[in-house]
Amino acid sequence: MYSNHPKVALTLPLFLALLVSSCTQLAPRYDAELYSDLTEVNVELMQFFSSVTHGTHKNTYPERNGHYHALIGRIDALAMQSNTRPIPNRDALKKINHYLNATETNILFEEQPPSVNCLQRISISLNRMREEDEDKGLHTGAVALFKNEVLISMDQALTYESFLNR
């Protein structure tokens, strides 16, 4: 998959050797249920964005209020679930980030798994979107911007969580 990328081709064998030889777990364990829930909420998010793609009016906000709260609550719950897994020590984190940098995924493992940070950004974006929708409605450009923010973060969360399934 990445064999055409020289940095990744050189880094992947090193990373795998470190993974096999290390007594320390290099990343949180893959959670199939979490990944499944992420893909489900991703579908729900895209359906919601599709329903507001042409913009909204302030007076119809009450019809969407429940959708916002359900999505935000689900995203926050997934962030919490992702954050409950043990994280590796600092040396292992450096190795993980070195590998992730080599793949050019634009994802870093900091104090918590990257999926947690991504999900928190989605929650923040949805809360800002909800507030703007309630306050004055959304024009199509605003919907597109919020959707783009969510898409980037969800792509990163799904990419990281699928990376754990190795």
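Residues numbered from 1 in each chain as written. Predicted model: local features only at pLDDT ≥ 70, side-chain atom pairs only at ≥ 80, totals over all residues. Heavy atoms only, no water.

Please explain the overall build of the protein as it appears in this structure.
When you go through the protein residue by residue, the secondary structure sums to six helices and zero strands. Overall, the protein shows an N-to-C arrangement of helices and strands of α-α-α-α-α-α. Taking all 166 residues of the protein together, the buried fraction comes to 40%. On the protein, roughly 9,400 Å² of surface is accessible, and the fraction owed to carbon and sulfur atoms is 54%. (Helix = DSSP H or I, 4+ residues; strand = E, 2+ residues; numbered from the N terminus. Buried < 20%, exposed > 50% of the residue type's maximum accessible area, 1.4 Å probe, protein only. Areas by Shrake-Rupley, 256 points an atom, 1.4 Å probe, with all protein chains shown as cover.)

How should the side chain of R85 be read in this particular structure?
Residue position: R85 is located in the loop between α3 (61-83) and α4 (90-102). At 2.7 Å, the side chain of R85 and the side chain of E161 are in polar contact. For R85, the residues in contact, after removing those within four places along its chain, are P28, R29, D31, L34, P113, S115, E161 and L164. (Polar contact = N/O pair within 3.5 Å; in protein donor to acceptor, adjacent residues only side chain to side chain. Contact = heavy atoms within 4.5 Å.)

Even after reading the chapter, I still don't get the packing of helix α5 (residues 114-136) against helix α6 (residues 140-163), so can you show me in this structure?
Closest axis-to-axis distance for the α5/α6 pair is 8 Å, and the angle between their directions is 165 degrees. With respect to each other, α5 and α6 are oriented roughly antiparallel. Note that α5 runs across α6; the crossing there is left-handed. Residues P114, S115, C118, L119, R121, I122, S125, L126, R128, M129 and E132 of α5 form the contact with α6, whose own contacting residues are A142, F146, E149, V150, S153, M154, Q156, A157, Y160 and E161. Residues belonging to the contact of α5 with α6 are distributed by class as follows: twelve nonpolar, four polar and five charged. (Axes fitted to C-alpha atoms, helices over the stretch in contact; angles between N-to-C directions. Parallel < 35°, antiparallel > 145°, perpendicular 65-115°, else oblique. Left-handed = near helix turned anticlockwise from the far one by under 90°. Nonpolar A, V, L, I, M, F, W, Y, C, P; charged D, E, K, R; others polar.)

Is there a simple way to explain the packing of aromatic side chains in this structure?
Describing an aromatic ring pair means giving the distance of the ring centres and the angle of the ring planes. For the coordinates displayed, the defined rule picks out five aromatic pairs. Summarising the aromatic geometry, the rings of Y30 and Y35 are spaced 6.3 Å apart at their centres and angled 45 degrees between planes, so their arrangement reads as tilted. With a relative accessible area of 29%, Y30 lands in the partly exposed category. (Phe/Tyr/Trp six-rings, centres within 6.5 Å; stacked < 30°, edge-to-face > 60°.)

Please clarify how the nonpolar core should be interpreted in this entry.
Inside soluble globular proteins, nonpolar side chains tend to come together where they are buried. Counting 25 residues, the largest nonpolar core has L45, I75, L119, I122, L126, M129 and M154 as its most contacted members. Where this core is concerned, the elements lending two or more residues are α2 (32-52), α3, α5 and α6. Each residue touching M154, except ones within four places of it in the same chain, is listed here: L38, V41, N42, L45, I75, L119 and I122. (Core = buried A, V, L, I, M, F, W, Y, C linked by side-chain atoms within 4.5 Å.)

Please explain the pattern of salt bridges as it appears in this structure.
Pairing between side chains of opposite charge can happen when their charged atoms approach one another. Throughout the structure, instances matching the rule amount to seven salt bridges. A salt bridge links E40 to R74; the shortest N-O distance between them is 3.1 Å. Taken together, the residues E40 in helix α2 and R74 in helix α3 connect sequence positions 34 residues apart. Of the residues examined, R74 reaches a relative accessible area of 24% and is grouped as partly exposed. With its nearest N and O atoms 2.4 Å apart, the salt bridge here joins R74 to E44. With a gap of 30 residues between them, R74 in helix α3 and E44 in helix α2 connect regions that are remote in the sequence. Accessibility expressed as a relative area gives 31% for E44, which makes it partly exposed. (Salt bridge = Lys/Arg side-chain N within 4 Å of Asp/Glu carboxyl O.)

I tried to follow the packing of α2 against α3 on my own but got confused; where do I start?
Each packed pair of helices is defined by two parameters, the angle between the axes and the distance between the axes. The geometry of α2 relative to α3 is characterised by a closest axis approach of 11 Å and an angle of 155 degrees between their N-to-C directions. Considering their axes alone, α2 and α3 lie roughly antiparallel with respect to each other. Of the two elements, α2 crosses α3, and the hand of that crossing is left-handed. Contact residues: L34, D37, L38, E40, V41, E44, L45, F48 and V52 in α2; R64, H67, Y68, L71, R74, I75, L78, Q81 and S82 in α3. Grouping the constituent residues of the contact of α2 with α3 by class yields ten nonpolar, three polar and five charged.

Treat this as a map of the structure, not an account of what it does.
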